[in-house]
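As a plain string of letters, each chain reads:
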Amino acid sequence: MSNQLLGNLRDANPIPHPDRLLTDEADARAFLATVQERRHGMANKTQPEVQPTEAPPRPTEARPDSEAVISVVRGPRRRFVYGLAAAVAVLIVGTLTWIAFIDDGESPVAAPVDIGRSFIEAQDAWDAEAAIALFAPNKLATGFLTVVEEFPSYYAWLETLDWRYTAEECNQVAVGPPVEVTCSYSYENAWTQALGVGPYSGSSMRFFIADGQIQQLNNTFITNTGFSVQAWEVFTDWVSDTHPENLNVIIDLGIEGRTADVPIVTPEALVLWEQYTNEFVASVAP
Amino acid sequence: MTAQEAETKFTRMYEAHHKQVLAYCLRRSPSDGWDAAADTFAVAWKRIDIAPEGEGSLPWLYTVARKVLANTYRKNETAARLNLRLGRLAGPATVGPDVQVVQRWEEKQLIEALRRLRPDDSEVLRLATWEELPHDQIAEILGISVSAVGQRIHRATKRLGRQLKGSMKTEATTNPNPHAAEEGRTA
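Note that the structure is a prediction, hence the values are computed from the model and not measured.

Asks: Got a minute to help me understand the overall build of chain A in this structure?
Replies: Secondary structure summary: chain A contains 10 helices and 7 strands in total. Look at the contacts in chain A between residues 6 or more apart in sequence, and 55% of them connect residues 24 or more apart.

Shown next as structure tokens:
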């Protein structure tokens, strides 16, 4: 199925033969002209960057009337010239920083904040190995479905349901060690996408980081911003209606029923999670 | 690097890859592809001192093009001009113009489903199937590990399948009240 889909996608390539582009000489010249125009445009834009390296005007420009006059006239001028040069230098540094930002697509951030983001990215990519690698040996993670050592089965469940996590804002909130970093994030999954709801913001992770590793991680997964009512209950109700015999195979309903819903992530349960999610998504497609 | 060396390096890069870069940009944005490809080479010229040569050259240009496309907002002004050009850019026709213009229904569904995916998912699928790049080059462009590429393709294909099922169902079902489902959900 996957290979067939990829094959179909290959066949749907809107430009399967790049070598047939610009075969007309006029088109080829037109494209090259556009490139040259952009090159020169970029060169012109960067021209001001060269100017500040030139020496500022020499003080002899000031009128040699008298020392007093010179000091009055030269002082502000010199300050103006140096001020201008400094301003241009700042502008250049700012521009170069901006260009670096644009080119790299990332802004330089402190390492602990990077670690926080990396964890959320690993979670989004369902890459248990990468996530676990961020932790220190004596780690602790709360607010997750499993302990860190069992992340592979937890992440397999995340993949089955197409869970996606997007880091919204990461900030260092306390200097360490351990350094504390909080990252807010939004989430969505196959159900929410099919239902046209979410993604849901408001959740956050608090990282305690030392020696470049996560010593402790507290996850605050907020579901009362809509996910519970709009997606979780819709899905579990659907399973109750269509596959009542297996609801307790995939969800630990707890002693008091729904108040303690805990997804079960054993390999057997994952097969059902995938089957039911696919069926549910198909059933709610508009 | 002297000016002459830079010019030589740039010319070599342009001659070797400008069609692939143009195709890359047009596949993702028919309206802005021409401009984006030109801008890609302008950026490449600016960074010519760090531009890799040989096998790494094309993936690097794709990386630049990807960022340029992400920063391109000049759609309205250029769309009409580019559409005119695109008519001539198609090259020797292998099928009739009606087939060129109107894609097969399945392909249209597939492309629409691809567009509905998250950008990182659709991009990994395009790089694998349209640019037909090996995993190590995709990894370089996306800034991820080689092993993660296979994983991403796998999950993105799964999502594409789901999206496709949804869109096929939408097309196949005649709903007398298209808002019924939505009203039902929000009630």
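Asks: Whenever I open this one, helix α1 (residues 3–28) of chain B confuses me. Can you help?
Replies: Because an α-helix completes one turn every 3.6 residues, residues spaced three or four positions apart along the sequence face the same direction. Considering bend angle alone, the principal kink of α1 of chain B is centred on H17 of chain B and spans about 60 degrees. Buried residues of α1 of chain B: M13, H17, H18, K19, V21, L22, A23, Y24, C25, L26 and R28 of chain B, and no others.

Asks: What exactly am I supposed to notice about the interface of chain A and chain B here?
Replies: Reports often express the size of an interface as the amount of accessible area lost when the parts come together. Contacts between the two partners involve 40 residues from chain A and, on the opposite side, 38 residues from chain B. Elements that contribute at least two residues to the side of chain A that touches chain B include exactly α1 (2–11), α2 (25–46), α3 (67–104), α7 (190–195) and α10 (267–284) of chain A. A total of 7 residues in the side of chain A that touches chain B trace back to one element, the largest contributor, which is α2 of chain A. Considered class by class, the residues forming the side of chain A that touches chain B number 22 nonpolar, 7 polar and 11 charged.

Asks: When you look at the sheet that holds strand β4 (residues 200–210) of chain A in this model, what are you seeing that I'm missing?
Replies: Strand-to-strand pairing in sheets goes through backbone hydrogen bonds, with the strands running parallel or antiparallel. Residues and elements named next belong to chain A. The strand order across the open sheet formed by 5 strands is β1-β5-β4-β3-β2, and the pairing between neighbours is mixed. Each of the sheet's edge strands pairs with one partner strand only, and the pair in question is β1 (135–142) and β2 (164–174). Each strand of the sheet is rotated relative to its neighbour by a mean of 20 degrees, with strand direction disregarded. Helix α4 (residues 111–124) contacts β2, β3 (179–188), β4 and β5 (213–220) of the sheet and is inclined by roughly 160 degrees relative to β2.

Asks: Help me understand the packing of helix α3 (residues 57–70) of chain B against helix α8 (residues 135–142) of chain B, please; the structure alone is not making it clear to me.
Replies: A pair of packed helices can be characterised by two numbers: the angle between their axes and the separation between those axes. Residues and elements named next belong to chain B. Between α3 and α8, the least distance of the axes is 9 Å, while the angle of their chain directions is 40 degrees. Crossing angle aside, the handedness with which α3 passes α8 is right-handed. Of α8, the residues touching α3 (which contributes P59, Y62, T63 and R66) are Q137, E140 and I141.

Asks: I'm lost on helix α8 (residues 227–242) of chain A in this one. Help?
Replies: Residues and elements named next belong to chain A. Over its 16 residues, α8 runs 21 Å from end to end, which matches the ideal 22 Å to within 8%, given 1.5 Å per residue. Considering bend angle alone, the principal kink of α8 is centred on E233 and spans about 30 degrees. When we look at burial in α8, the residues that qualify are F227, A231, F235 and V239. At its buried positions, α8 is contacted by α7, β4, α9 (247–250) and α10.

Asks: Honestly, the confidence of the model for chain B in this entry has me stumped. Any pointers?
Replies: Regions with low pLDDT carry predicted coordinates that are not meant to be interpreted in detail. All names here are of chain B. The pLDDT averaged across chain B works out to 75; a share of 71% of its residues lies at or above 70. Taken element by element, the predicted model of chain B shows its lowest mean pLDDT in helix α10 (residues 180–186) (28) and its highest in α1 (93). Note on residues 76–103: pLDDT under 50 across the span, and 22 contacts to partners over four residues away in sequence or across chains. Long-range and interchain partners of residues 170–187, a stretch whose pLDDT sits below 50, account for 5 contacts in this model, where long-range means more than four residues apart. Across the assembled chains, the prediction reports ipTM 0.74 with pTM 0.49.

Asks: Explanation requested: the environment of I153 of chain B in the structure shown.
Replies: All names here are of chain B. Tracing the backbone shows I153 in helix α9 (residues 146–172). C-beta crowding within 10 Å serves as the criterion here: with 20 such atoms nearby, I153 is assigned to the buried category. Apart from residues no more than four positions distant in its own chain, I153 is found in contact with V124, L125 and A128.

Rules of the game
Residues numbered from 1 in each chain as written. Chains lettered and ligands numbered in written order. Predicted model: local features only at pLDDT ≥ 70, side-chain atom pairs only at ≥ 80, totals over all residues. Helix = DSSP H or I, 4+ residues; strand = E, 2+ residues; numbered from the N terminus. Contact = placed C-beta atoms within 7 Å. Bend = angle between axes of the 7 residues up to and from the residue. Buried ≥ 20, exposed ≤ 12 C-beta atoms within 10 Å, placed from the backbone. Nonpolar A, V, L, I, M, F, W, Y, C, P; charged D, E, K, R; others polar. Pairing = 2+ DSSP bridges. Axes fitted to C-alpha atoms, helices over the stretch in contact; angles between N-to-C directions. Left-handed = near helix turned anticlockwise from the far one by under 90°. Expected span 1.5 Å × (residues − 1). pLDDT = per-residue confidence, 0-100.

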